[in-house]
Every structure is written in C-alpha cells, then in structure tokens.
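Residue-level structure breakdown
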Amino acid sequence: MGIGDEIDRTVAKVDFGKPSARKRGKDPRWPYVPVIEHAGVASSPKPWQEQVRGLAFATRTEAVSSAKVHIAKLRLELAKKLADPRMRALRERYGLPRDLG
C-alpha cells in the first residue's frame with residue numbers, strides 16, 4: 001500500500017457536502033442554481049448552504065449535476081495538494097505521513 005492509496009482513502013472520507021439546487025436564479029429562463037448543503041460540525045453545529053457561483057440552469061437536475069461535478073473537482077484538488085511534496089502540514093492535518101517517501 002503506497003502513499004497514493006492513503007491519499008485516495010483520506011480524500012474519500014472528507015465531507016465536501018451534499019449536492020443540491022435551489023430556485024434562486026435571477027433570469028427566469030435559468031431559475032436553478034447549484035448548491036452544496038453542509039451539515040453542522042462541532043465548531044459550527046448549524047447546517048449551511050454554499051452556492052456554486054456563476055452558474056444557473058433551466059432544470060433542477062442540471063443544477064444538481066453541476067454541484068456534483070463541483071464536489072468532484074474539490075476532491076481532485078485536495079488529492080493533488082496532498083500529493084504535493086511541499087504540502088507537509090496539510091498532509092499532517094489529514095493524518096497522513098509528513099513526508100511522501
């Protein structure tokens with residue numbers, strides 16, 4: 001088992017939120033915007049929503065799909081950062097070994 005496998009398992013455990021959509025679009029042709037719903041955590045027990053900015057869609061299904069893609073991109077970005085040799089402190093924060101070797 002290599003560090004790549006450990007990084008993949010760690011990223012899979014991280015809660016990036018649940019994809020959703022809300023009817024908040026300003027243009028009536030594209031009323032749905034992608035939203036990520038976050039559950040409360042110990043430091044902030046109240047749930048909150050984060051809108052994916054700059055996107056609006058005609059249907060709720062398209063907006064939810066867009067939110068899923070956004071979450072997938074966040075996972076990929078975190079995996080890339082954790083694999084970067086310069087990101088020792090970030091790896092420690094997620095319980096991974098400080099050095100990649």
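Residues numbered from 1 in each chain as written. Predicted model: local features only at pLDDT ≥ 70, side-chain atom pairs only at ≥ 80, totals over all residues. Heavy atoms only, no water.

Within the largest apolar cluster, twelve residues are counted, these being Ile7, Val11, Val14, Phe16, Ile36, Val52, Ile71, Leu78, Ala79, Leu82, Leu90 and Leu96. At the level of elements, helix H1 (3-13) and helix H2 (60-83) are the ones that each hand at least two residues to this core. Ranked by residues supplied to this core, first place goes to H2 with four residues. In this structure Leu96 touches Glu6, Ile7, Thr10, Leu82 and Arg91, once residues within four positions along its chain are discounted. (Core = buried A, V, L, I, M, F, W, Y, C linked by side-chain atoms within 4.5 Å. Buried < 20%, exposed > 50% of the residue type's maximum accessible area, 1.4 Å probe, protein only. Helix = DSSP H or I, 4+ residues; strand = E, 2+ residues; numbered from the N terminus. Contact = heavy atoms within 4.5 Å.)

For the rest of this paragraph, the subject is the pattern of salt bridges. Overall, the coordinates contain five salt bridges when judged by the stated rule. For Arg86, the salt bridge is made with Asp84, and the minimal N-O distance between the two is 2.8 Å. Residue Arg86 is classed as exposed on the basis of its relative accessible area of 66%. Residue classification places Asp84 among the buried positions, given a relative accessible area of 16%. Two residues, Glu92 and Arg98, come together in a salt bridge whose shortest N-O distance is 3.4 Å. Overall, the relative accessible area of 43% leaves Glu92 in the partly exposed class. (Salt bridge = Lys/Arg side-chain N within 4 Å of Asp/Glu carboxyl O.)

Turning next to the sheet that holds strand S2 (residues 32-38). The sheet built from three strands is open, its strands ordered S1-S2-S3 with antiparallel pairing. Two strands close off the open sheet at either side, each with one partner strand: strand S1 (18-23) and strand S3 (48-51). Within the sheet, the average angular offset between the axes of one strand and its neighbour, ignoring direction, is 40°. Sheet topology note: the S2/S3 ladder contains four bridges and is antiparallel. Looking at S3, one finds that His38 is bridged to Trp48. On the sheet, H2 packs against S1 and S2 and is oriented at approximately 140° with respect to S1. (Pairing = 2+ DSSP bridges. Axes fitted to C-alpha atoms, helices over the stretch in contact; angles between N-to-C directions.)

All right, on to the side chain of Arg91 then. With respect to the secondary-structure elements, Arg91 resides in helix H3 (residues 88-93). Asp99 provides the closest opposite charge to the buried, unpaired Arg91, separated from it by 5.2 Å. Within the local environment of Arg91, its side chain forms a polar contact with the backbone oxygen of Leu82, the two atoms lying 3.1 Å apart. For Arg91, the residues in contact, after removing those within four places along its chain, are Leu82, Ala83, Asp84, Pro85, Leu96, Pro97, Arg98, Asp99 and Leu100. (Lys, Arg positive; Asp, Glu negative; His and termini not counted. Polar contact = N/O pair within 3.5 Å; in protein donor to acceptor, adjacent residues only side chain to side chain.)

Quick look at the packing of H1 against H2 now. Here H1 crosses H2 at 140°, and the two axes come no closer than 10 Å. Taken together, the axes of H1 and H2 lie oblique to each other. Crossing hand, H1 versus H2: right-handed. Contacts from Ile7, Val11 and Ala12 of H1 reach H2 at Arg75, Leu78, Ala79, Leu82 and Ala83. Grouping the constituent residues of the contact of H1 with H2 by class yields seven nonpolar, no polar and one charged. (Parallel < 35°, antiparallel > 145°, perpendicular 65-115°, else oblique. Left-handed = near helix turned anticlockwise from the far one by under 90°. Nonpolar A, V, L, I, M, F, W, Y, C, P; charged D, E, K, R; others polar.)

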